[in-house]
Amino acid sequence: MSALNKAKGFKKSKTGTYLSIGTTAFGAVSVLKQARKARYEHDTLRLVDAVVSAAAIATGVALLLRELKRLGDDDVLLG
């Protein structure tokens, strides 16, 4: 199996999906900081950017959770 195929396999694995959720959640911290700063500075454009970024993160996490269910994960948190 080539390295590329191994990487694709890892991306579609439970472990890879959990890792993706973790890195996505880590990105949410940055968006929260951006939103706080925008509110403090009354910067509407930055606040809109933070809201759109948060929506993208939420959508990404939802897609990853759906992938976990597809993989047959029996995690209690996923139902």
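The rules behind the values
- Residues numbered from 1 in each chain as written.
- Predicted model: local features only at pLDDT ≥ 70, side-chain atom pairs only at ≥ 80, totals over all residues.
- Heavy atoms only, no water.
- Helix = DSSP H or I, 4+ residues; strand = E, 2+ residues; numbered from the N terminus.
- Contact = heavy atoms within 4.5 Å.
- Areas by Shrake-Rupley, 256 points an atom, 1.4 Å probe, with all protein chains shown as cover.
- Expected span 1.5 Å × (residues − 1).
- Buried < 20%, exposed > 50% of the residue type's maximum accessible area, 1.4 Å probe, protein only.
- Salt bridge = Lys/Arg side-chain N within 4 Å of Asp/Glu carboxyl O.
- UniProt positions renumbered as here; feature names shortened; annotations may be inferred.

Q: Outline the overall build of the chain, listing residues and values.
A: Along the chain, the regular secondary structure elements total 3 helices and 0 strands. Helices and strands appear in the chain in the N-to-C order α-α-α. For the chain, restricting intrachain contacts to residue pairs at least 6 apart in sequence, the fraction spanning at least 24 positions comes to 57%. Counting every atom, the chain has about 6,200 Å² of accessible surface; 65% of that belongs to carbon and sulfur.

Q: I'd love a proper account of helix H2 (residues 14–40), names of residues and values included.
A: Compared with an ideal rise of 1.5 Å per residue, which puts 27 residues at 39 Å, H2 spans 39 Å between its outermost C-alpha atoms and is within 8% of the ideal. Every buried residue of H2 is listed here: Gly16, Thr17, Ile21, Val31, Ala35 and Ala38.

Q: Describe unusual backbone geometry, listing the residues and the values that go with them.
A: Even without being a glycine, His42 presents a positive backbone phi close to 55°. Structurally, His42 can be placed in the loop between H2 and helix H3 (44–70).

Q: Let's hear about the pattern of salt bridges: which residues, and what values?
A: Enumeration according to the criterion identifies 3 salt bridges in this entry. Between Asp43 and Arg46 there is a salt bridge; the shortest N-O distance is 3.7 Å. Residue Asp43 is classed as partly exposed on the basis of its relative accessible area, which comes to 24%. On the basis of relative accessible area, Arg46 is assigned to the partly exposed category, the value being 38%.

Q: Describe in detail the UniProt feature "transmembrane region" (unreviewed entry) in the chain, supporting the description with residues and values.
A: UniProt's feature table lists "transmembrane region" (unreviewed entry) at residues 15–32 and 44–65, given in the numbering used throughout. The span residues 15–32 is 100% helical and 0% strand by assignment, and the distance between its end C-alpha atoms comes to 26 Å.

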